[in-house]
Amino acid sequence: MTYLSHRPRRLRSTPALRDLVAESKLSPSDFIMPYFVLEDATEPQGIASLDGVYQHSLSSIIQDIKQCYEAGIKAVIIFGVPVHKNSLGSGAYARDGVVQKAVREVRNSFGDDIVIFADLCLDEYTDHGHCGLVDRNGRVDNDSTLELYQKIALSQAEAGVHFVAPSGMMDGQVQAIRSVLDKSEFKDVGILAYSAKYASGLYGPFRDAVNVRIADGGDRRSYQQDYRNARESLKEVFLDVSEGADIVMVKPAITYLDVISRVREVVDLPLCAYHVSGEYAMIKAASSLGWIDGEAVALEQMYAIKRAGADLIISYFAKDIARRI
Ligand code: PBG
């Protein structure tokens, strides 16, 4: 391309002009607001490493979602914090488990006005903190885990989710969940696949929020992705698409903008990015020290995610930003 003029400033001189020619747009309906629900809680509890985020009770979550709804947000994703954990993580698929109860409340209150996603995983419910079943040698067993994921999917569908969001990075999880939903009366329940999910140091505050500690100082590197790899993400995404994902996701977001942009080029499905707890906490911490303007940096990062090619963003900033834009 040859440019006859060299005056880009012409397009930058006033706020109205800048708005007119902005390539990326951000709207409240781009966001999915994450919620933690604490089993048997009567009051919302603060989370030390996630300033401004709470472990909600069944009534406080409804109040908070109302505020999101008024700000134009159309979707929430719900995570459960159970009181009891065990080796099978059976609280994850209990009919009256914490997520199932919360989903019922939210669906009763908002019907189809709010799209309800539920995180589908075991780590919040297992005493060893892994996302799957652990065998005698301490290894996560992929295939027996899939059977439990199917049970979780059915119980969340029965409670009233619009989408399940499997985050455990087991091979074949999307296909296993799709097939069990299709055989049930919940064929319309969709799947948001955490397709390219990296073994990241940025999930620490989330683990505080759901009271998870991985046994024996372990980590998730045998099932989550290695951050030295980007092409591997395309493979993971293609597999999930072929297994029946309706929306695919890259996680975390800011450290993986290259991945978001590469996935965007090859996938036509809606693409979601998860701006994770550590990304939120870094902004909050630096901002509370007066070292950065947190509100400005949060907005800059959201636009960066959109510019990279994401359609949807899960972010703890969702409500605040929706109120500001
Ligand atoms: C697993 C899950 C995790 C997050 C979302 N789903 C934690 C993990 O993989 O260890 C992290 C999200 C965040 O950091 O905000 N159920």
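You'll find the structure just up there.
Residues numbered from 1 in each chain as written. Predicted model: local features only at pLDDT ≥ 70, side-chain atom pairs only at ≥ 80, totals over all residues. Heavy atoms only, no water.

Visitor: I'm lost on the pairing of strand β11 (residues 271-275) in this one. Help?
Guide: Residues in a regular strand point their side chains to alternate faces of the sheet. Extensive coverage of β11 is indicated by the burial of five of its five residues. Side-chain alternation along β11 places L271, A273 and H275 on one buried face and C272 and Y274 on a second face that is also buried. One ladder, built from three bridges, connects strand β10 (residues 247-251) with β11; its direction is parallel. Looking at the pairing, M249 lines up with C272 of β11. Considered for its hand, the β-α-β crossover made up of β10, helix α8 (residues 257-266) and β11 is right-handed. Both β11 and strand β12 (residues 312-315) contribute to a ladder of four bridges, which runs parallel. Across the sheet, residue A273 finds its bridge partner in β12, namely I313. (Buried < 20%, exposed > 50% of the residue type's maximum accessible area, 1.4 Å probe, protein only. Helix = DSSP H or I, 4+ residues; strand = E, 2+ residues; numbered from the N terminus. Pairing = 2+ DSSP bridges. Right-handed = clockwise from strand over helix to strand, strands pointing away.)

Visitor: How should I be thinking about a negative patch on the surface in this particular structure?
Guide: Judged by side-chain charge, D141, D143, E147 and D171 come together as a negatively charged surface patch. Its location among the elements puts D141 in strand β7 (residues 140-141). By relative accessible area, which is 31% here, D141 ends up partly exposed. (Patch = residues over 30% accessible without salt bridge, like charges linked within 9 Å, V, L, I, M, F, W, Y side chains within 5 Å. Areas by Shrake-Rupley, 256 points an atom, 1.4 Å probe, with all protein chains shown as cover. Salt bridge = Lys/Arg side-chain N within 4 Å of Asp/Glu carboxyl O. Lys, Arg positive; Asp, Glu negative; His and termini not counted. Charge placed at Lys NZ, Arg CZ, Asp CG, Glu CD.)

Visitor: So what exactly am I meant to see when it comes to the side chain of D119 here?
Guide: Relative to the helices and strands, D119 resides in strand β5 (residues 115-120). Here D119 sits buried without a salt bridge, and the closest side chain of opposite charge, K251, lies 6.1 Å off (N-O distance). Residues contacting D119, with those up to four places away along its chain left out, are I77, I78, F79, E124, Q156, A165, S167 and Y194. (Contact = heavy atoms within 4.5 Å.)

Visitor: Would you explain the site of the ligand in this entry?
Guide: Among the 19 residues in the neighbourhood of the ligand, the closest are listed as K197, R207, K251, S277 and Y316. S167 places a polar side-chain atom, nitrogen or oxygen, 3.2 Å from a nitrogen atom of the ligand. The side chain of R220 places a nitrogen or oxygen atom 2.8 Å from an oxygen atom of the ligand. Here the ligand loses 100% of its free accessible area of 400 Å² to cover by the protein chains. Here the ligand occupies the largest cavity. Looking at the shell around the ligand, the elements with two or more residues in it are β9 (190-197) and α6 (204-209). When the residues that make up the shell around the ligand are grouped by side-chain class, the tally is nine nonpolar, three polar and seven charged. (Near = heavy atom within 4 Å. Polar contact = N/O pair within 3.5 Å; in protein donor to acceptor, adjacent residues only side chain to side chain. 1 Å grid on protein atoms, 1.4 Å probe; cavity = no way out; pocket = protein on both sides within 12 Å on 5 of 7 lines; lining within 4 Å. Sits in = over half its atoms within 2 Å of the grid points. Nonpolar A, V, L, I, M, F, W, Y, C, P; charged D, E, K, R; others polar.)

Visitor: When you look at helix α7 (residues 231-243) in this model, what are you seeing that I'm missing?
Guide: Residues spaced three or four apart along an α-helix point in a common direction, a consequence of the helix completing one turn every 3.6 residues. Between its terminal C-alpha atoms α7 stretches 19 Å, which fits the 18 Å expected from 13 residues at 1.5 Å a residue. Listing the buried residues of α7 in full gives S233, L234, E236, V237, D240 and E243. Check the buried side of α7 and you find it contacts α5 (173-182), β9, β10 and α8. Count one or two residues on from α7 and you reach G244, which has phi positive near 115 degrees. (Expected span 1.5 Å × (residues − 1).)

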